[in-house]
Protein chains: 2
Amino acid sequence: MANEKKLVEQITSMDEDFAQWYTDIVKKADLVDYSSVKGCMIIRPYAYAIWERIQGILDKHFKDLGHENVYMPMFIPEALLNKEKEHVEGFAPEVAWVTYGGSEPLAERLCVRPTSETLFSEHYANIVQSWRDLPKLYNQWCSVVRWEKNTRPFLRTREFLWQEGHTVHATAEEAEAETVQMLEVYANLYEKDLCIPVIRGQKTEKEKFAGAKATYTVEAMMHDGKALQGATSHNFGDGFAQAFGIRYLDRDNQLKYVSQTSWGLTTRTIGALIMAHGDNSGLVLPPSVAPIQVVVIPVQMHKEGVLEKAREITERIRTFVRARIDDSDNTPGWKFSQYEMKGVPLRLEIGPKDIENGQCVIVRRDNREKSFVPLESLETEIPRILDAYAAALYENALKRRETMTYTVSTLDELIDTAKNKPGFIRAMWCGDQACEDRLKEVAEVTSRCMPFGEEPFGDTCVCCGKPARKLVYWGKAY
Amino acid sequence: MANEKKLVEQITSMDEDFAQWYTDIVKKADLVDYSSVKGCMIIRPYAYAIWERIQGILDKHFKDLGHENVYMPMFIPEALLNKEKEHVEGFAPEVAWVTYGGSEPLAERLCVRPTSETLFSEHYANIVQSWRDLPKLYNQWCSVVRWEKNTRPFLRTREFLWQEGHTVHATAEEAEAETVQMLEVYANLYEKDLCIPVIRGQKTEKEKFAGAKATYTVEAMMHDGKALQGATSHNFGDGFAQAFGIRYLDRDNQLKYVSQTSWGLTTRTIGALIMAHGDNSGLVLPPSVAPIQVVVIPVQMHKEGVLEKAREITERIRTFVRARIDDSDNTPGWKFSQYEMKGVPLRLEIGPKDIENGQCVIVRRDNREKSFVPLESLETEIPRILDAYAAALYENALKRRETMTYTVSTLDELIDTAKNKPGFIRAMWCGDQACEDRLKEVAEVTSRCMPFGEEPFGDTCVCCGKPARKLVYWGKAY
C-alpha cells in the first residue's frame, strides 16, 4: 500500500464525463490493471476480494437449494457447439478458436467456451437414464470468453468470470419453477447484499438467450440512468434435450425428454456496484461485500497512548466486523481520501481528545455523517450504523430509479424522453419485433424487460398503435 | 443417486491391474466423466467437493500468511510468452494456440496459459516501483492447459485446475524463505489433511521448472510404489525480473531487480488420494477432505421408530461432522458397498436392537473395525474414531513407504531394485546430468528429489563412481 499517494489524485467528476469517472475509479481504487492481452483485464486483489464475497453469498444460496458444483472442460469441439441451431448462431460469431496444440494443427478446431450448455447437455445425456436420476442441479464457477470488439473493465471484456448453473428436470413445470427461483436468488443478492434495487422481468424474443424458450432478467439502473442487466435465468424447455438426446425412462415406462434451465451472474456485477453507488470521491461499497467494513485511523498517532488504543479497538471490533487499522505515516487527511476512494463503509477516527472523552468518531462513507460513539458501545453502534448505511444505499438507489423512470403513451413522448431524460421508460408494446427495431432506430433504446407483477396501463402499442400485449421497460443499456 | 445400482459392481483388483483399478474407481465413485473434448475431463460433484475442501484449507493458509487472490487473463500473447528464454522453451511445445476471434484471424496468436509467470511478471513490472511496494504476495485459482499426448483423469489432462502463487520480494533471501515456506504449506496439507507422508526436497537441474533457479517438491508414494509429485515451489531469482524489467527503487536510492517465486498445487492431488489410500472396495478418504464423513444407515428401517431415530441421530451429529443419512429403499448391504466405493470414513448403522440397547454400530472404512457406541457418547466417540482413522491412514502410508524404500550403493543393485522392487531408491549421485540420463535409460527411473535433512551415506556416485555430491530419491513416477 506504499504507493497509495498516487491513488488519491482527483478523479474526473461524474457529471462532467461519466465514462471517464468510471475508468478513473477502476484504476484508482486498484480494481483492475491492463496488460498486453487486449480486451482482457487483470482483476486486482481489492476487486477480487469483492468477487469472493459475491461468490460466497451465492454459493451458499445455491447449495442450500440443493445445487452441486462441477467443472466442465473449457473447450468445446466445433461439432458439439453446432448441435443446437439457435445456440450456435448466437455464439459462433464471437468465440475464440483454438486451432493448434503445440506445433500440430488440430483435426477439429475447439472454441473456448462462451457458455457451457452444449457441454452440460452432452454430460446429462450420459448420466441421466431414469426418473430417479432427476433433477440434476449443477453449477460451475469459471471464466468464459466472448470475442467483443469494444471492451470496458467489468462491463464487457473478452474473458470474464461467472457462475453458470445448469439443471435438468422431469417436467416443464419444475424447470419453470427453477428458472424463477434462481432469478429470485439473484434479485435477493442485488437488493439485500448489494443494496441495488432491480426490476425482475422477462426478456423479449429479440433479447432472449440464444436457444432459450424464455429468458428472465434482473435490470438495475446506474447513476447515469442507463440500465445494467444484472443476471439472467433461462428456461430451455426441451430444445437442448432434443438436440442432445437427453431422455429418461419415466415411472410410466415412457422415454421422455428432460426440461432444462441455465442461469448466470458475472463479474460485471462489480461494474454495477461502482455505477450504482459510487460518487466523485470514489467507490461506495455495501457492507456485505466490502473487503474492509471499518477502517481505523489514529489521529495524532504519535501522542502517547493513541496508537495502542487504536490497535486495541481494531482487535476488539474485528470479532464482529472486517476491520483494519492504517497506522502508516501518511497524514490522516490523506488516509481519509484513500479509504473514501476504496469505498470503505465506515471510518473510525480516534485521537487524544477522544480517548480522554472515552469515545471515537465514526464517519459514514455515503453522506459523511459523523457520530461520536462511546467506546463501550462499539459492539452495538457499529452494526447499527452499518445497517443504516446499507439501508440508505438501497433507498437512494431506489429513489433515483423512481425519479428517473418515465411512463409514456405516445411515440413522440418516448422519443423526447429518451433524448432528454436519462432513465427507464415504461411503455406498452404490441409484441412485434418490428416495433422493437423501430424504437432502437428512432430513440436508441432497447427493451430491458417485460416486468413481473406490473399492471398494463394502456391498450395500444407506443410504436404502431396496434393492440398492446405487454408493458415493457425501455432504456439505454451497458 | 438413483442409478447407484450400477456403481457397486466389482472393480478390478489393484494387484491384478493397478491402472484399470484406478480407472474403475474414478468412474464408479462418480469422480469424473469423459466427454467429446479429448484429453479433458468432467469433474463431477463428488470429486469437485473434495477439491473445494482442498481449496478451502489452502486458501486459508495462503491468506493467513498474507497472500491475496487475483485473476489474470487466460491468454498469453506469443511475444509475451517468448520474453523469458528457458521458460518459453519449456512450455511452447505443449501449449494450445488461439488463432481466430470469431471469423477473423488474430494479428498475433495467443496461447492458453500453461502457467502464468509471464502475465504476473508484466503486471509486477507495472505496479512495483519502490521498496514500499514489496513484497507482493499473489495467488490465483484457475485452470491451465498443456497439450499432453497421453492423458489420465486427475494425473495428466490437457486442462487441469490448480492454484498458482506468484510473489516478488526485495531480496533473494526473502524469496528463498517464501519458496521454502510455501513448500511446507503443501507438505502440511499432504501430511496433516490428506494423511499422505511426503519427502520434501529439491529437484535436480534436469527436473526443475522451466526458468527457475531452484524447484522444491513434495513427493508421495502411491500404493504401487510409484512416485507422485505432490506440489512444487520455485525460486526464480531475478531471471524473470531481468527479462520483464521488474525493478524497484530501494531505500539506498538504487534501482534493483526483485526476486521472485511461484508455487502450485493441482487437481492431481485427487489422484494422489485415490492411489495412496484406496483399496479393492474403492476410495478411502481422509476425514478433512471427505464430502461426507459419516453416513447413517438405518437397518430394518421399516420397523417402527428406526427411521425416526436414524434421522434424529443424523441431525444431531451434523452439528460436528459432515453427516448424511441414506434412507432410500436400497438394501443395507447395497448401501454398505456404495459408501465404501465413495470412501466415506465412517458408517453408522442403527437398527431396532441397537435402539433397544441405546447404542449404534460404527464401522471404519479403512479396516472395517466395528465399535458399539452408546448413543449418549456420539459427541466424543465419533471425533475420537475419526482421529484414529486419520492417524491409521497416515501410519499405513508411511509404513508402506518405509518398507518400499531401498538404499543402494552400486549400479547393479539399483538396476536390480528398479526392476524387481517397486518403490523409492535412495542412492548417491555426482550431480552430473549424464548419470541421470543413464539411470533413466538403464533402470527407467528419474530423480524425484534431493531430500532435505537426510545425511549422505556414501561418497561415490551410484552411476559413474566419481565423487558424489547429493543423496537422491529415484523412482518411477506418475
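Re the sheet that holds strand β15 (residues 294-298) of chain B
All names here are of chain B. Read from one edge to the other, the open sheet built from five strands follows the order β16-β15-β17-β18-β19, with strand pairing classed as mixed. Two strands close off the open sheet at either side, each with one partner strand: β16 (323-325) and β19 (370-374). Between one strand axis and the next, the sheet turns by 25° as a mean value, whatever way the strands run. Across five bridges, β15 lies against strand β17 (residues 346-350) in parallel orientation. Counterpart to Ile297 in the pairing with β17 is Glu349.

Examining the interface of chain B and chain A
Taken together, the contacts link 48 residues of chain B with 48 residues of chain A. Where the side of chain B that touches chain A is concerned, the elements lending two or more residues are β2 (42-43), α2 (45-64), β3 (68-69), β4 (75-77), β5 (96-101), α5 (117-127) and β8 (159-169) of chain B. The biggest single contributor to the side of chain B that touches chain A is β5(B), with six residues. Of the residues that constitute the side of chain B that touches chain A, the class distribution is 26 nonpolar, 13 polar and nine charged.

Some points on the packing of helix α13 (residues 411-420) of chain B against helix α14 (residues 433-443) of chain B
Residue and element names in this part refer to chain B. Remark: α13 packs on α14, axes separated minimally by 10 Å, with the N-to-C direction vectors making an angle of 50°. With respect to their mutual orientation, α13 and α14 come out oblique. Crossing angle aside, the handedness with which α13 passes α14 is right-handed. Taken together, the residues of α14 that come into contact with α13 (itself represented by Leu414, Ile415 and Ala418) are Leu439, Val442 and Ala443. Grouping the constituent residues of the contact of α13 with α14 by class yields six nonpolar, no polar and no charged.

Here we look at the domain arrangement of chain A
All names here are of chain A. By the assigned domains, chain A splits into domain 1 (21-277), domain 2 (287-392) and domain 3 (405-475). Distance between the C-alpha centres of domain 1 and domain 2: 39 Å. Sorting elements by how many residues they give to the side of domain 1 that touches domain 2 places helix α2 (residues 45-64) first, with six residues. For the side of domain 1 that touches domain 2, the per-class residue count stands at eight nonpolar, no polar and three charged.

Let's talk about the pairing of strand β7 (residues 136-145) of chain A
Side-chain positions along a regular strand alternate between the two faces of the sheet. Residue and element names in this part refer to chain A. Among the 10 residues of β7, eight are classified as buried, and the element is accordingly described as predominantly covered. Here strand β3 (residues 68-69) runs beside β7; their pairing, made up of two bridges, is parallel. Within β7, the residue paired with Asn69 across the bridge is Asn139. Two elements, β7 and strand β8 (residues 159-169), share 10 bridges in a ladder whose sense is antiparallel. Within β8, the residue paired with Gln140 across the bridge is Glu164.

Some remarks on the environment of Leu119(B)
Secondary-structure assignment places Leu119(B) in helix α5. For Leu119(B), a count of 25 C-beta atoms within 10 Å corresponds to the buried category. Residues Leu119(B) and Phe244(B) lie 125 residues apart in sequence; the distance between their C-alpha atoms is 10.0 Å. Contact partners of Leu119(B), with chain neighbours within four places excluded, come to Ser35(A), Met72(B), Pro73(B) and Ile76(B).

Looking at the environment of Asp193(A)
Residue and element names in this part refer to chain A. Inspection of the secondary structure puts Asp193 in helix α6 (residues 172-193). Separated by 139 residues in sequence, Asp193 and Ile54 place their C-alpha atoms 8.6 Å apart. Leaving out residues up to four positions away in the same chain, Asp193 has contacts with Ile57, Pro286, Ser288 and Val289.

Remarks on unusual backbone geometry
Trans peptide bonds make up most of the peptide bonds, and negative phi angles are found at most residues other than glycine. Residues and elements named next belong to chain A. With omega at -5°, the peptide bond leading from Leu134 into Pro135 counts as cis. On the secondary structure map, Pro135 appears in the loop between α5 (117-127) and β7. Positive phi outside glycine occurs at Glu444, with the angle close to 55°. Tracing the backbone shows Glu444 in the loop between α14 (433-443) and β22 (446-451). For Glu444, a count of 13 C-beta atoms within 10 Å puts it in the partly exposed group.

Definitions and limits used
- Residues numbered from 1 in each chain as written.
- Chains lettered and ligands numbered in written order.
- Predicted model: local features only at pLDDT ≥ 70, side-chain atom pairs only at ≥ 80, totals over all residues.
- Pairing = 2+ DSSP bridges.
- Helix = DSSP H or I, 4+ residues; strand = E, 2+ residues; numbered from the N terminus.
- Axes fitted to C-alpha atoms, helices over the stretch in contact; angles between N-to-C directions.
- Contact = placed C-beta atoms within 7 Å.
- Nonpolar A, V, L, I, M, F, W, Y, C, P; charged D, E, K, R; others polar.
- Parallel < 35°, antiparallel > 145°, perpendicular 65-115°, else oblique.
- Left-handed = near helix turned anticlockwise from the far one by under 90°.
- Domains from an automatic or database assignment.
- Buried ≥ 20, exposed ≤ 12 C-beta atoms within 10 Å, placed from the backbone.

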